[in-house]
Amino acid sequence: MLSNSPTRSPSRYGTIINRLLSTRSNSDDMSSSLVAGQRDLFRSLSGHHTDNSNVLDETSSSVGMRTLGTIKGVFAPVSLSMFSALLFLRVGYIVGNAGYLEALLQFVIAYIILVSTVVSICAIATNGAVKGGGVYFMLSRTMGPEFGGSVGVLFYFANVVCSALYVTACIEGVVKNIGPGGTFADILPEGPWWHLLYCSVINIINFLLCVIGAEVFGKLSLVILATVVICCSGVIGSYFLPHETVTVYNVTVSNATANWTELEYGTFTGLTKNSLSGIMDLWGQNLYPQYTMDCAQHDAPPPTFFTVFGVLFSGVTGIMAGANLSGELLSPAKSIPRGTLSACAFTFTTFFLLITLTSLTCNPVLLHQNCMFMVEFTFWKWFVLIGVVLATWSASVSNLIGASRILQAVAEDSVFGPFLYFITKGTLNNNPIVAVMVTFVFVQVCFFIGGLNQIAQLCSVLFLLSYASVNLACLGLDLASAPNFRPSFKYFSWHTSLVGLIGTSVMMFFISPLFAAVAILLCLSLILALNFFSPARHANWGSISQALIFHQVRKYLLLLDPRKDHVKFWRPQILLLVHNPRSACALIDFVNAMKKGGLYVLGHVTKGELLNNDEDPVAKEFPDWLALVDHLKVKAFVEVTMESNIRRGIEQLVRVSGIGAMKPNTILLGFRDENVHVDDLLESSSSFCEPSFQQAFPSISQNYRKIEPKDYVGAILDILKLHKNVGLCRNFQQLNRQEVFSSELKFRVRAGRKRFLDVWLVNFFNRGDTNVTDDTSLFMLQIACIVNMVPKWRKHELRVFICVNAADSDIAGREADLLRLLELLRIKAQTFVLIWDHLSSQIKYKMPDDTMDSGVETADMDQDFVLTDNYLAEANDFIQGKCTQTAVSFIYLPKPPRCPEEHPRYLANLETLTRGLPPSILIHGVSPVISTTL
């Protein structure tokens, strides 16, 4: 059951701000007051109220639990993650295969995508309070729990795979240097199982470090980054040494008939050793691509542009390393933009220097044959080994920490219900121990996937999908023009998000179409699953979809010009006035089938005056109506108003419901009678029963004042004056779904099965022949045809009845005219021409004296006849004789008399005419609704 939010006093914000600005003699008291005041202010501005302890508080992380600044929390982790395996292990692989020009192009493309995404991250991060969970938190609070949850899960696994990737790279660097034939020693044995053991040991060390906490890693990351920078500086300085090294490699060459071994020489010549012509010669050898082999796996297929880009991009995906630690950052809004952008600039400059120096000093053989080619010429070879181990190991730890924080955030939001509940129970001092353990297990599983470059492609695709989602979210926020989207980061625009979105989407498929297709399908499947089953789908975090829908609806409503309406595109726009929804569920459900994609509004008038209330009583009822719409699964809007006079309230609703060209053109009312109705919401035999509505809406047994007959008929006249079609709905509680829709054999053969929709083109208040082409008759045919087009009503046959006098000698001609009319209107129906002399003879014209006495104007043809109770009873029997298998009847509604004294009699006549009939709608049309033009 929905409940209304409590109203806040306008002075609430002023009180809180005054508390923040007030001075106190005791500094400790002032500090605690500021913190408390800020918390209350944030809660108030975010729409939460402090009395509800169950409300999700986005600013609940205590300031004391946030310990990381820009350098420790963002710059160092991002820089180390982006260096990772590329800095010492993959520069030679990239330059050797792609050549200098394409390598530079690939780095530029990668950093354009990365920087565009970083700009989007910065925009979201500086638009409000950021909690733990990084990109998941940003997306879920922007795109909604379904989209955020699905992308968050994929981003979680991207971090898991990336952690495994960096551990694998770390072990690769270690084994190549101190394994069999290593540069430093021959200590470690080599083999698949040994490789798995080494990776497992590193993973266990990572796990133990994560258990200790992110703060320790933040402090340690500064030392690691400083060490890596020193190692990298030593390598860069070695490019300028005045010496030359030559390494001999045995290369197997094969053709169609034989295999043989050749010697190839990998050379390095320092810049100060080589002449300018020699430098240009080496640069020329490395200028263009030579996609020959993978330096890590010589027997693997030759790489391609996109294979190399996948390896490159997987190494620079660490831009989220700082955002993932948002829960530990002292000031995420400041630290994330500054730290991430400065890390991107720092790493790009470093990579640019390395690929330039490599292409000027190393020949392609050295780059193709040895991933650790830097060891060959670095003046202190341990620089390379230390740099490889620290860069890759720290990146793996960073991803493990980031992944665990994402998992913890997903579990706390209950996106996947009780399945992740156990994770929230394993937190110690803001450190998600259980989430770390689960992530550790997943990383361990990833070691079985394959070699480094195979893992790299999967990692790249998952990260690109996550980055595309971030760019999509930011693009949507900007295009929706939401007033509250005003990030303090000023370098964002929709152009940067669009570049990032296109770039990530395109490169994802170029890297691996298979992985990309699987990742997208998995993401869509998760979105659908969460949309249907996630408990968090009802969480109101402010989905961007609502802002975008509003933006587009407003735009198209302005384009929907009522002056350009054409009858051939007419559709019913229905306002159903409901007295008490407890007895109207079947009617609400049926009218939903009548709308044919048009507007459907449920209207209700509450009797009372706003003047006598401290707050709007209607606001308290509105959530119950929305819950009813959800329960009945109808596509309807709700309009509830309050007026001391029900008739004026109805006029109010008819005038103001809808917007622009989308305003109701058809008003339906429940019939005013004295029948005792069943409570559809509480009666166990009802198909609409829902006990949660126990406290909602007035009960059926309650003495709920009905509208007076003269006001009820007067309201019908008002509706007609406002040029709206009108319909009076009666007996819809008799609409038995089992009898109407059941396809079982026993219901198909039983005589009582309801299988017809009847249209009575007969004005029973007038003895003359009904004009079957007037607005009311055509409107009845149109409405009945619309209902018959709805899938669940399609199996029902449409029947059209007209009545003629026996004196009419051309009865067959009247039926032929009716058939031609239905054919012209493209309506398939059975036709019945009935003789009603025994009825029409009982309708007598009023005498002039009667007319004057009654005060009725003789010019109104609908009121020139006297209808006896006996006639109306026989007319009722006449209709009932034809509708034993009728599901719903559509009956001609005569125009009400103008004289108020005649209104009770008019209503009594309608009651007698329709008493005991199946569910029926009395209809009066006011304008053309059918067109025969193309």
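Residues numbered from 1 in each chain as written. Predicted model: local features only at pLDDT ≥ 70, side-chain atom pairs only at ≥ 80, totals over all residues. Heavy atoms only, no water.

## Some details on the overall build of the protein chain
No. 1: When helices and strands are tallied, the protein chain shows 31 helices and 16 strands.
No. 2: Buried residues in the protein chain amount to 54% of all 934 residues.
No. 3: When contacts within the protein chain are restricted to residue pairs at least 6 apart in sequence, long-range pairs at least 24 apart make up 81% of them.
No. 4: When the accessible surface of the protein chain is summed, it comes to about 41600 Å², and 60% of that surface belongs to carbon and sulfur atoms. (Helix = DSSP H or I, 4+ residues; strand = E, 2+ residues; numbered from the N terminus. Buried < 20%, exposed > 50% of the residue type's maximum accessible area, 1.4 Å probe, protein only. Contact = heavy atoms within 4.5 Å. Areas by Shrake-Rupley, 256 points an atom, 1.4 Å probe, with all protein chains shown as cover.)

## Digging into the nonpolar core
In globular proteins that are soluble, nonpolar side chains generally tend to be buried together.
No. 1: One finds Phe88, Val316 and Met374 to be the most contacted residues of the largest nonpolar core, which totals 155 residues.
No. 2: Counting residues per element, this core draws most heavily on helix 4 (residues 86-125), which supplies 23 residues.
No. 3: Excluding residues within four positions of it along the chain, Val316 makes contact with Met82, Leu86, Ala110, Tyr111, Leu114 and Phe351.
No. 4: Of all hydrophobic cores here, the second largest spans 69 residues; its members include Val591, Val740, Phe779 and Ile786. (Core = buried A, V, L, I, M, F, W, Y, C linked by side-chain atoms within 4.5 Å.)

## Some thoughts on the pattern of salt bridges
Between side chains of opposite charge, a pair can form when the charged atoms approach closely.
No. 1: Here the structure, examined in full by the defined rule, presents 13 salt bridges.
No. 2: The partner of Asp718 in a salt bridge is Arg647, and the shortest N-O contact between them spans 2.7 Å. One end of the pair, Asp718, is in helix 23 (residues 709-721); the other, Arg647, is in helix 22 (residues 646-656), with 71 residues separating them in the sequence.
No. 3: Residue Arg820 is joined to Asp817 by a salt bridge in which the shortest nitrogen-to-oxygen separation is 2.1 Å. A residue pair is termed a helical-turn pair when its members lie 3 or 4 positions apart in one helix, as Arg820 and Asp817 do in helix 27 (residues 811-824) at three residues.
No. 4: Under the relative-accessibility criterion, Asp817 is labelled partly exposed at 40%.
No. 5: Here the residues in one salt-bridge network are Asp673, Arg730, Glu911 and Arg915, joined through shared partners. (Salt bridge = Lys/Arg side-chain N within 4 Å of Asp/Glu carboxyl O.)

## Description of the sheet that holds strand 7 (residues 637-643)
No. 1: Across the sheet, which stays open at both edges, the 10 strands sit in the order 7-6-5-8-9-16-15-10-11-12 with mixed pairing between neighbours. Each end of this open sheet is capped by a strand with a single partner; those strands are strand 7 and strand 12 (830-835). Taken over all neighbouring pairs, the strand axes of this sheet differ in orientation by 20 degrees on average, direction set aside.
No. 2: Across four bridges, strand 5 (residues 574-577) lies against strand 6 (residues 600-607) in parallel orientation. Residue pairing in the sheet places Ile574 in a bridge with Tyr600 of strand 6.
No. 3: Where helix 21 (residues 617-632) meets the sheet, it contacts strand 6 and strand 7, and its direction lies at approximately 150 degrees from that of strand 7.
No. 4: Relative to strand 15 (residues 886-892), helix 26 (residues 775-789) is tilted by about 160 degrees, and along the sheet it contacts strand 8 (666-670), strand 9 (725-730), strand 10 (756-760), strand 11 (797-804), strand 15 and strand 16 (920-924). (Pairing = 2+ DSSP bridges. Axes fitted to C-alpha atoms, helices over the stretch in contact; angles between N-to-C directions.)

## Some words on the side chain of Gln369
No. 1: By the element assignment, Gln369 lies in helix 12 (residues 364-369).
No. 2: Aside from chain neighbours lying at most four places away, what touches Gln369 is Tyr249, Val251, Glu264, Met293, Cys295 and His298.

## What about the packing of aromatic side chains?
No. 1: Evaluation of the coordinates by the stated rule reveals 35 aromatic pairs.
No. 2: Seen in terms of ring centroids, Phe693 and Phe697 are 6.2 Å apart; in terms of plane orientation they differ by 15 degrees. Their pairing is stacked. In terms of burial, Phe693 and Phe697 fall into one category: buried.
No. 3: Judged by centre distance (6.1 Å) and plane angle (65 degrees), the ring pair of Trp760 and Phe878 falls under edge-to-face. Here Trp760 is found in strand 10, whereas its partner Phe878 is found in helix 30 (residues 869-880), with 118 residues between them in sequence.
No. 4: Taking relative accessible area as the criterion, Trp760 reaches 0% and is therefore assigned buried.
No. 5: Ring-pair connections join several aromatic residues into one group, and the members of that group are Trp760, Phe764, Phe801, Phe832, Trp836 and Phe878.
No. 6: A cation over a ring is seen here: Arg90 above Tyr93, with NZ or CZ 5.8 Å from the ring centre.
No. 7: Seen from the ring of Phe756, Arg799 lies directly overhead, with NZ or CZ sitting 4.0 Å from the centre. (Phe/Tyr/Trp six-rings, centres within 6.5 Å; stacked < 30°, edge-to-face > 60°. Lys NZ or Arg CZ within 6 Å of the ring centre and 35° of its normal.)

## Focus on empty space enclosed by the protein
No. 1: This model, assessed by the stated rule, comprises three cavities of 30 Å³ or more.
No. 2: There is about 40 Å³ of room inside the second largest cavity.
No. 3: Around the second largest cavity, the lining residues are Ala586, Asp589, Phe688, Leu735, Arg737 and Phe741.
No. 4: Elements supplying a minimum of two residues to the lining of the second largest cavity: helix 20 (585-594) and helix 24 (737-741).
No. 5: Classifying every residue of the lining of the second largest cavity gives four nonpolar, no polar and two charged. (1 Å grid on protein atoms, 1.4 Å probe; cavity = no way out; pocket = protein on both sides within 12 Å on 5 of 7 lines; lining within 4 Å. Points joined across faces, edges and corners; volume = space filled by probe spheres on them. Nonpolar A, V, L, I, M, F, W, Y, C, P; charged D, E, K, R; others polar.)

## Concerning a nonpolar patch on the surface
No. 1: A contiguous nonpolar patch, built from Trp194, Leu197, Val201 and Ile205 and spanning about 350 Å² of accessible area, is present on the exposed surface.
No. 2: Residue position: Trp194 is located in helix 7 (residues 192-212). (Patch = residues over 30% accessible without salt bridge, like charges linked within 9 Å, V, L, I, M, F, W, Y side chains within 5 Å.)

## A short note on helix 21
Since there are 3.6 residues in each turn of an α-helix, residues three or four apart along the chain are aligned in direction.
No. 1: Between its first and last C-alpha, helix 21 extends 24 Å over 16 residues, near the 22 Å set by a 1.5 Å rise per residue.
No. 2: Here helix 21 has its buried residues at Val618, Pro623, Asp624, Trp625, Ala627, Leu628, Val629 and Leu632.
No. 3: Considering only its buried residues, helix 21 is in contact with helix 20, strand 6 and strand 7.
No. 4: For helix 21, the capping residue at the N-terminal end is Asp616, with a side-chain oxygen 3.1 Å from the backbone nitrogen of Val618. (Expected span 1.5 Å × (residues − 1). Polar contact = N/O pair within 3.5 Å; in protein donor to acceptor, adjacent residues only side chain to side chain.)

## Some remarks on the pairing of strand 6
No. 1: Burial analysis of strand 6 places seven of its eight residues in the buried class, the great majority of the element.
No. 2: Crossover connection from strand 5 via helix 20 to parallel strand 6: handedness right-handed.
No. 3: Note that strand 6 and strand 7 share seven bridges and pair parallel. Bridge pairing in strand 7 places Thr606 opposite Met642.
No. 4: Taken together, strand 6, helix 21 and strand 7 constitute a β-α-β crossover, and its handedness is right-handed. (Right-handed = clockwise from strand over helix to strand, strands pointing away.)

## Structural notes on the pairing of strand 5
No. 1: Burial along strand 5 is two-sided: the face carrying Ile574 and Leu576 and the face carrying Leu575 and Leu577 are both buried.
No. 2: In this sheet, strand 8 lies alongside strand 5 in parallel orientation, the contact comprising four bridges. The partner of Leu576 across the bridge, within strand 8, is Leu668.

## A few points about the environment of Glu621
No. 1: Within the secondary structure layout, Glu621 lies in helix 21.
No. 2: It is 9.5 Å that separates the C-alpha atoms of Glu621 and Thr606, two residues lying 15 residues apart in sequence.
No. 3: Excluding anything up to four places from it in sequence, Glu621 contacts His604, Thr606 and Val640.

## Points about unusual backbone geometry
For residues other than glycine, phi is negative in most cases, and the peptide bonds are mostly trans.
No. 1: Its identity as a non-glycine residue notwithstanding, His723 has a phi of 60 degrees, on the positive side.
No. 2: With respect to the helices and strands, the residue His723 is situated in the loop between helix 23 and strand 9.
No. 3: For Asn731, which is not glycine, the phi dihedral falls at a positive 65 degrees.
No. 4: Positionally, Asn731 belongs in the loop between strand 9 and helix 24.

## With respect to the packing of helix 22 against helix 23
No. 1: Where helix 22 contacts helix 23, the two axes come as close as 9 Å, and the packing angle between them is 25 degrees. Taken as axis vectors, helix 22 and helix 23 run roughly parallel relative to one another. Between helix 22 and helix 23 the crossing geometry is right-handed. For the pair helix 22 and helix 23, the contacting residues are Arg647, Ile650 and Val654 in the first and Lys710, Asp711, Gly714, Ala715, Asp718 and Ile719 in the second.
No. 2: Here the contact of helix 22 with helix 23 is built from residues that sort into four nonpolar, one polar and four charged. (Parallel < 35°, antiparallel > 145°, perpendicular 65-115°, else oblique. Left-handed = near helix turned anticlockwise from the far one by under 90°.)

## Observations regarding the environment of Thr245
No. 1: By secondary structure assignment, the location of Thr245 is in strand 1 (residues 244-254).
No. 2: Exposure remark for Thr245: the relative accessible area of 17% places this residue in the buried category.
No. 3: Spatially, the C-alpha atoms of Thr245 and Thr267 are 5.7 Å apart, while their sequence positions differ by 22 residues.
No. 4: Excluding its chain neighbours within four sequence positions, the residues that come into contact with Thr245 are Gly266, Thr267, Phe268, Glu376 and Phe377.

## Focus: the confidence of the model for the protein chain
In regions of low pLDDT, the predicted coordinates are not meant to be interpreted in detail.
No. 1: Residue-level pLDDT values for the protein chain average 80, and 84% of them are 70 or greater.
No. 2: Per-residue pLDDT stays below 50 along residues 744-751; that stretch engages in seven contacts with residues further than four places along the chain or on separate chains. (pLDDT = per-residue confidence, 0-100.)

## Some thoughts on the environment of Val415
No. 1: One can find Val415 in the loop between helix 13 (382-412) and helix 14 (421-424).
No. 2: Taking relative accessible area as the criterion, Val415 reaches 0% and is therefore assigned buried.
No. 3: In this structure the C-alpha to C-alpha distance between Val415 and Ser140, which are 275 residues apart in sequence, comes to 9.8 Å.

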